[in-house]
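# Overview (structure and organization)
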Amino acid sequence: MFVKYVEAFSRAAATVAIVVALTACSGARIEEDIPREVPGSNSVYTSSTAPSGAGIGSLFGDGGLGIGGNRGTSSGTGIGVNALLWQATLDTIAFMPLVQADPFGGVILTDWYSAETAPSERLKLNIFILGQDLRADAVRVSMFRQRRTGADSWEDVAVQPQGPIGIENAILTRARTLRRERASAR
C-alpha cells in the first residue's frame, strides 16, 4: 500500500516539474536583427526585445512565484551586453582564434596568435564588454605579448599602452558603423 502512495507522489512530482519547466520557457523573445552565431564557435546566443523584466514569467500570475529572477532588475533572457559592441568585437578580432566567447557575461578570450610577418612574436587578448550602452568605457581590452626565446619557449614582453587602446578604438569604430548601417536599413 505504501508503494502505491510513493508511485503516485512520484508521478505528481514529475508532472509538476514538467509544468514548471514549460512555464519558465514561455516568456522568451528573440530579436531578429541580432546575429545568432558566434564566429569560430558552435555557440549560439539570442537577445530579448522585451523591456527590462517584461519577458520573465511567473508560476502563479502577477506577483506570484517568479521564474527567472526579480521582475524589476532582470533583463530577461538574452545577451547580457550591448549587441553592437559584441558583434563589433567579433568582427574586429575575427583573424584570431577564440578560446571563449560568453555573450551573457561579455567576455571574449583569444588564443595566442602569431602573424605571418612576425612569427617570433605572439599576442593574446582578453576583451570585456562592460554594459548594455554603446559607450567608450563599455569595452576593455587586456593584451598579452610574448617573444620566442627558443624552440618551444616564450618570454613575456611589455605591451605598449597604445596597443589595447587601439583595439578598443577599432571596436568602437566598428560598433558605430554597425549602428549606422542598422539605422539606415530600417
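From a predicted model like this one, the values you see are computed outputs, not experimental measurements.

Moving on to the overall build of the chain. Scanning the chain from N- to C-terminus turns up 3 helices and 7 strands. When the helices and strands of the chain are read in sequence order from the N terminus, they spell out α-β-β-α-β-β-β-β-β-α. Burial status across the chain gives 30% buried among its 186 residues. Once local pairs closer than 6 in sequence are excluded, the contacts in the chain between residues at least 24 apart make up 43%. Surface exposure of the chain reaches about 11,500 Å², of which carbon and sulfur atoms provide 56%.

Our next topic: the nonpolar core. Grouped together as the largest cluster of nonpolar side chains are 22 residues, with contacts concentrated most on Leu85, Trp86, Leu125, Ile127 and Ile171. Mapped onto this core, the elements with two or more residues apiece are α2 (83-92), β5 (121-129), β6 (139-148) and α3 (162-185).

Among the 10 residues in α2, 8 count as buried, and that is most of the element. Within α2 the residues assigned to the buried category are Ala83, Leu84, Leu85, Trp86, Gln87, Ala88, Thr89 and Leu90.

In this section: the environment of Val81. Within the element layout of this structure, Val81 appears in the loop between β2 (66-67) and α2. Accessibility expressed as a relative area gives 4% for Val81, which makes it buried. Separated by 25 residues in the primary sequence, Val81 and Gly106 have C-alpha atoms spaced 5.8 Å apart.

Here the focus is the side chain of Thr110. Within the secondary structure, Thr110 is located in strand β4 (residues 107-110). Since its relative accessible area comes to 0%, Thr110 is described here as buried. Within polar-contact distance, the side chain of Thr110 engages the backbone nitrogen of Leu125 at 2.8 Å.

Another aspect to go through is the confidence of the model for the chain. Looking at the chain as a whole, the pLDDT averages 74, with 58% of positions reaching at least 70. Overall, residues 25-75 carries pLDDT values under 50, and its contacts beyond four positions in sequence, including any with other chains, amount to 86 contacts.

Interaxial distance between α2 and α3 falls to 8 Å at its minimum, and their mutual angle equals 120 degrees. The angle between α2 and α3 places the two elements in the oblique class. The element α2 and its partner α3 pack so that their crossing is right-handed. Where α2 abuts α3, its residues Leu84, Leu85, Gln87, Ala88, Thr89, Asp91 and Thr92 lie against Ala170, Ile171, Leu172, Arg174, Ala175, Leu178, Arg179 and Arg182. Residue composition of the contact of α2 with α3, by class: 8 nonpolar, 3 polar and 4 charged.

Right, let's get into the side chain of Arg122. Looking at the secondary structure, you find Arg122 in strand β5. There is no salt bridge for the buried Arg122, and the closest opposite charge comes from Asp111, which lies 6.9 Å off by N-O distance. A distance of 2.6 Å separates a polar atom in the side chain of Arg122 from a polar atom in the side chain of Gln146. Apart from residues lying up to four places away in sequence, Arg122 is in contact with Trp112, Tyr113, Ser114, Phe144, Arg145, Gln146 and Trp154.

What counts, and where the lines are drawn
Residues numbered from 1 in each chain as written. Predicted model: local features only at pLDDT ≥ 70, side-chain atom pairs only at ≥ 80, totals over all residues. Heavy atoms only, no water. Helix = DSSP H or I, 4+ residues; strand = E, 2+ residues; numbered from the N terminus. Buried < 20%, exposed > 50% of the residue type's maximum accessible area, 1.4 Å probe, protein only. Contact = heavy atoms within 4.5 Å. Areas by Shrake-Rupley, 256 points an atom, 1.4 Å probe, with all protein chains shown as cover. Core = buried A, V, L, I, M, F, W, Y, C linked by side-chain atoms within 4.5 Å. Polar contact = N/O pair within 3.5 Å; in protein donor to acceptor, adjacent residues only side chain to side chain. pLDDT = per-residue confidence, 0-100. Axes fitted to C-alpha atoms, helices over the stretch in contact; angles between N-to-C directions. Parallel < 35°, antiparallel > 145°, perpendicular 65-115°, else oblique. Left-handed = near helix turned anticlockwise from the far one by under 90°. Nonpolar A, V, L, I, M, F, W, Y, C, P; charged D, E, K, R; others polar. Lys, Arg positive; Asp, Glu negative; His and termini not counted. Salt bridge = Lys/Arg side-chain N within 4 Å of Asp/Glu carboxyl O.

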